[in-house]
Amino acid sequence: MSRIVVTGGAGRLGRSLVAGLAARGHEVVSFDRDTSAAPELDGVEQVAIDLSDADTTASALRDARADALVHLAAIAVPFSAPEDVILRTNSGLAASVLGGGVTAGIPKIVAASSPTVLGYGAPAGWVPERFPLDEETTPRPWNAYGLSKLVIEQSIRMLQRQTGDAVRYAAFRPCYVIAPEEWAGAVTQQGHTVRERLDDPALSAPAVFNYVDARDVAAFTDRLLEALPGIPNAETFFVSADDALARLPLAELVPRFFPGTEEAASVLTGTAPAFSNAKAKRLLGWTPAHDWRTELARIDTRTDVTA
Ligand SMILES: NC(=O)c1ccc[n+]([C@@H]2O[C@H](COP(=O)([O-])OP(=O)(O)OC[C@H]3O[C@@H](n4cnc5c(N)ncnc54)[C@H](O)[C@@H]3O)[C@@H](O)[C@H]2O)c1
């Protein structure tokens, strides 16, 4: 059992992550501007804090006496605030939280980045060197959100150059996170249900049809924290489902929304996703346990039973 601080623990992904880590026997503390009455946070210690204040953050992290720090707090949606605010906020939080974690002597520090660092959806076009996209794909962020996430990944590497391996780090890029209540029909981050995203490919195309179940992100994070001492330091990982959030093969859908990708996308046959989770499988032994077909079938069966 570890004592783990999760920043942004009251947020969409944070709540599932806190619940998942607590269910695995860890003592979890949520650091967030807001405290939350969500059931996932029942019995969880919550610290209300503005993490943009570096001194307050470093001292609160010192007081927390944590074995690990998972940094999620951010402006989490591109263009949900002016570009300068997103860049300043997310980069500033990386400095105050990750730097504060080092100052506080926390030995394991991980941070949420985002697949958007790759730059898909750029108005001037986007043709990746190949599919599936993986950790070797060149990041080409085209907005402040994607750029701020690259800053977070680089902050991790910067700190590792300062501390060496006395502190173990990683960054992870969760794909479009779907929480358990969203399988049951609650709206997802962009304001549509999962079924709407499947029925209208234009809704999932902006994320290149990527997704991951929030419980799988919790399992991934638990495994990552456990594995950190034994894997190369300051690595980056995609956290993705094994399939695409689409009813048709991506070899057909991707070129429809990303002109010029016909040849590269031709390998995405069957249910293959655009994003590879092979590195997390190989280095961490993690594998996602949830996929949309099974989750929606389970909901349908439950509806039939109660009808
Ligand atoms: N949800 C996804 O699909 C997804 C995908 C990729 C990456 N991510 C990343 O995962 C992380 C969490 O995303 P989310 O969807 O849960 O976002 P969210 O907006 O639901 O949660 C973010 C949390 O951070 C907190 N926060 C922001 N600024 C703060 C500050 N100055 N001080 C204290 N707390 C502050 C907010 O109060 C909020 O609870 C983010 O870093 C996001 O970029 C999310």
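Residues numbered from 1 in each chain as written. Predicted model: local features only at pLDDT ≥ 70, side-chain atom pairs only at ≥ 80, totals over all residues. Heavy atoms only, no water.

Undergrad: Where do I start with the packing of helix H3 (residues 83–103) against helix H4 (residues 144–163) in this structure?
TA: Helix-helix packing is characterised by the crossing angle of the two axes and by the distance between the axes. Taken N-terminus to C-terminus, the directions of H3 and H4 make an angle of 20°; their axes are 9 Å apart at the nearest point. If you check the angle between H3 and H4, you find them roughly parallel. Relative to H4, H3 is oriented so that their crossing is right-handed. Residue-level inspection shows Glu83, Ile86, Leu87, Asn90, Ser91, Ala94, Leu98, Gly99 and Val102 of H3 in contact with H4, the latter providing Ala144, Tyr145, Leu147, Ser148, Val151, Ile152, Ser155, Ile156, Leu159 and Thr163. Of the residues assigned to the contact of H3 with H4, the class counts are twelve nonpolar, six polar and one charged. (Axes fitted to C-alpha atoms, helices over the stretch in contact; angles between N-to-C directions. Helix = DSSP H or I, 4+ residues; strand = E, 2+ residues; numbered from the N terminus. Parallel < 35°, antiparallel > 145°, perpendicular 65-115°, else oblique. Left-handed = near helix turned anticlockwise from the far one by under 90°. Contact = heavy atoms within 4.5 Å. Nonpolar A, V, L, I, M, F, W, Y, C, P; charged D, E, K, R; others polar.)

Undergrad: So what exactly am I meant to see when it comes to the packing of helix H1 (residues 12–23) against helix H8 (residues 214–227) here?
TA: The interhelical angle for the contact between H1 and H8, taken along N-to-C directions, is 55°, at an axis separation of 8 Å. When the interaxial angle is binned, H1 and H8 end up oblique. The hand of the H1/H8 crossing is right-handed. Counting all contacts with H1, which are made through Leu13, Ser16, Leu17, Gly20 and Leu21, the residues of H8 involved are Ala214, Val217, Ala218, Thr221 and Asp222. Grouping the constituent residues of the contact of H1 with H8 by class yields six nonpolar, three polar and one charged.

Undergrad: Explanation requested: the nonpolar core in the structure shown.
TA: Within soluble globular proteins, side chains that are nonpolar tend to cluster in buried spots. Among the nonpolar cores identified, the biggest contains 58 residues, and Phe172 and Leu224 are the most heavily contacted of them. Residues Ala66, Ile156, Tyr169 and Ala171 belong to the second largest nonpolar core, which totals 25 residues. (Core = buried A, V, L, I, M, F, W, Y, C linked by side-chain atoms within 4.5 Å. Buried < 20%, exposed > 50% of the residue type's maximum accessible area, 1.4 Å probe, protein only.)

Undergrad: Teacher, can you tell me more about the sheet that holds strand S2 (residues 27–32) here?
TA: Ordered in space as S3-S2-S1-S4-S5-S6-S9, the seven strands form an open sheet in which the pairing is parallel. In this open sheet, the two strands that pair with only one neighbour each are strand S3 (45–48) and strand S9 (235–239). Within this sheet the neighbouring strands show an average axis-to-axis angle of 20°, counted without direction. Here five bridges tie strand S1 (residues 3–7) to S2, and the two strands are oriented parallel to one another. The residue bridging Thr7 from the neighbouring strand is Phe31, located in S2. Docked against the sheet, H3 engages S1, strand S4 (68–71), strand S5 (108–112) and strand S6 (168–174), running at close to 175° with respect to S4. Against the sheet, H4 engages S5, S6 and S9, with an angle of about 170° to S6. (Pairing = 2+ DSSP bridges.)

All we've got here are geometric facts, nothing functional implied.
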